[in-house]
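# Secondary and tertiary structure notes
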Amino acid sequence: MTGKVYKSTGSWYVVKTGSGETWNARLKGVFKLDGITSTNPVAVGDDIDFEPENAEDGTAIITEIHDRKNYINRQSPSHRMQHHIVAANIDQSLLVVTLKEPRTSQGFIDRWLVTCEAYHVPAILLFNKCDLYRKKEEDRFGEWKEMYEAIGYRVYRMSMQTGEGLSAVRELLRGKISLLSGHSGVGKSSFLNAIFPALRLKTQDVSGWSGKGIHTTTFAEMFDLPGKDQEKIAEPVGRIIDTPGMREFGLVDITRQELSGYFPEMRALAGQCQFNNCLHREEPGCVVKEAVREGNIAEDRYVSYCTILDSIEEHPY
Ligand SMILES: Nc1nc2c(ncn2[C@@H]2O[C@H](COP(=O)(O)OP(=O)(O)O)[C@@H](O)[C@H]2O)c(=O)[nH]1
Ligand SMILES: [Mg+2]
Ligand SMILES: [Zn+2]
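The shown structure was predicted, so the numbers you read here are calculated from the model rather than taken from an experiment.

This next bit is on the overall build of the protein. A count of helices and strands for the protein gives eight helices and 15 strands. Sequence separation of 24 or more characterises 63% of the internal contacts of the protein that already satisfy a separation of 6 or more. A total accessible area of about 16800 Å² is found for the protein, and carbon and sulfur atoms account for 49% of it.

The following block contains the structure:
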């Protein structure tokens, strides 16, 4: 049988078939995938083959992991060489950001966009809490929207307080597997609750939050977007992968030389600098720096590029 992985709880995976049946599946033996050996190689979003083990209990054994369209990796903060596949087969990645309470920095957004480019996942920015905007925030939103749209990213504004923008964002999810990310406090749980009222996820203002502590390991989970009717439909209207407790994905395996390829506005100028190994810093004849001077590349984006470049260590191989 064939199914999709909706949740991983360590050694067990919740798998759903095309007809909506749910199985608890596990792996037998060690799997090698994409050259990475791991004891936990199955990710949310994976398509797998399985064999029922105990039909009564709904348990099954995973026998095959299908090739992935893409996947997002996370580098373990404590073990640099240890990677963990967070989610696979993602159609688009939604980053929820706020300009106030809390304020998402442009550096964070640009790092996230670079990660999406590196993983070949289209990225969409969702500016939440627009009900809080005053003149200052309206101006900043206008500037950022213009800047990111000029590069080719889609930008939406929304408010989980007033419901503004929600229907447009809901449309974005149709027929897609979307990965949801963003800093803590930006409104991800509120967003999921607005879209899937049945979820009733905890939001942060719940008084007496019986927090399990911020270091609780939380696993990615996929949710089916409810359709017009909740009848059995072969394919859900859309799916969202939530990655609770995950602030940022590491910039796994990006080299300094590759980085400008993950800034679309710089990628467009690839090969035009005087030196073909140009890092677009102090080199003479650099068309990227020229584009920044002429205002064709936003200065703030170039600053993000330089900051990320400086944060990438050159590997000694
Ligand atoms: N004013 C305002 N507050 C919001 C909005 N969306 C969420 N919040 C509040 O922001 C806080 C954090 O929201 P939560 O959904 O828990 O954020 P998460 O950490 O990203 O899951 C809660 O107090 C929410 O009620 C919004 O659009 N406007
Ligand atoms: Mg939350
Ligand atoms: Zn250059």
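Next up on the list: helix α3 (residues 166-173). Turning to α3, its buried residues are Leu166, Val169, Leu172 and Leu173. One side of α3 holds all its buried residues, which, seen down the axis, span an arc of 110°. Tucked inside the fold, the buried residues of α3 contact β10 (92-97), β11 (123-127), β12 (154-157), β13 (177-181), α4 (188-195) and β15 (239-242). One or two residues past the end of α3 sits glycine 175, with phi positive at roughly 70°.

Our focus in this paragraph is the coordination of the zinc ion (ligand 3). Those protein atoms acting as donors to the zinc ion (ligand 3) are Cys273 (SG), Cys278 (SG), His280 (ND1) and Cys286 (SG), and they sit at 2.0 to 2.4 Å. Coordination at the zinc ion (ligand 3) comes from four donor atoms whose angles at the metal span 105 to 113°, giving a geometry best classed as tetrahedral. Motif for the zinc ion (ligand 3), donor spacing along one chain: C-x4-C-x1-H-x5-C. Comparing cysteine 278 with cysteine 286, the two get one shared label, buried.

Of note, the bond from glutamate 101 into proline 102 is cis; its omega dihedral lies within 30 degrees of zero at -5°. As for its placement among the helices and strands, proline 102 is situated in the loop between β10 and α1 (106-118). A positive phi is found at glutamate 101, a non-glycine position, where the angle reads about 50°. Its identity is not glycine, yet lysine 129 carries a phi of approximately 65°, on the positive side. Along the chain, lysine 129 turns up in the loop between β11 and α2 (135-151). You can call lysine 129 partly exposed: its relative accessible area is 21%.

Looking at the secondary structure, you find serine 93 in strand β10. Take serine 93: its relative accessible area is 0%, and that puts it in the buried class. Look past the residues within four positions of serine 93 in its chain and what remains in contact with it is Trp112, Cys116, Val121, Pro122, Ala123, Ile124 and Leu179.

Close contacts around ligand 1 come from 18 residues, with Asp131, Met160, Gly185, Lys188 and Ser190 the closest. Note that an oxygen atom of ligand 1 is positioned 3.4 Å from one of the side-chain N or O atoms of serine 159. The separation between an oxygen atom of ligand 1 and a polar side-chain atom of serine 190 is 2.6 Å. When the free accessible area of ligand 1 is taken as 580 Å², the share hidden by the protein chains comes to 85%. Its residues assigned to classes, the shell around ligand 1 shows three nonpolar, 11 polar and four charged.

About the thresholds
Residues numbered from 1 in each chain as written. Chains lettered and ligands numbered in written order. Predicted model: local features only at pLDDT ≥ 70, side-chain atom pairs only at ≥ 80, totals over all residues. Heavy atoms only, no water. Helix = DSSP H or I, 4+ residues; strand = E, 2+ residues; numbered from the N terminus. Contact = heavy atoms within 4.5 Å. Areas by Shrake-Rupley, 256 points an atom, 1.4 Å probe, with all protein chains shown as cover. Buried < 20%, exposed > 50% of the residue type's maximum accessible area, 1.4 Å probe, protein only. Arc of directions from axis to C-beta. Donors = N, O, S within 2.8 Å, 3.2 Å for Na, K, Ca; no water. Tetrahedral: all angles 85-135°; square planar, octahedral: opposite > 155°, others 65-115°. Near = heavy atom within 4 Å. Polar contact = N/O pair within 3.5 Å; in protein donor to acceptor, adjacent residues only side chain to side chain. Nonpolar A, V, L, I, M, F, W, Y, C, P; charged D, E, K, R; others polar.

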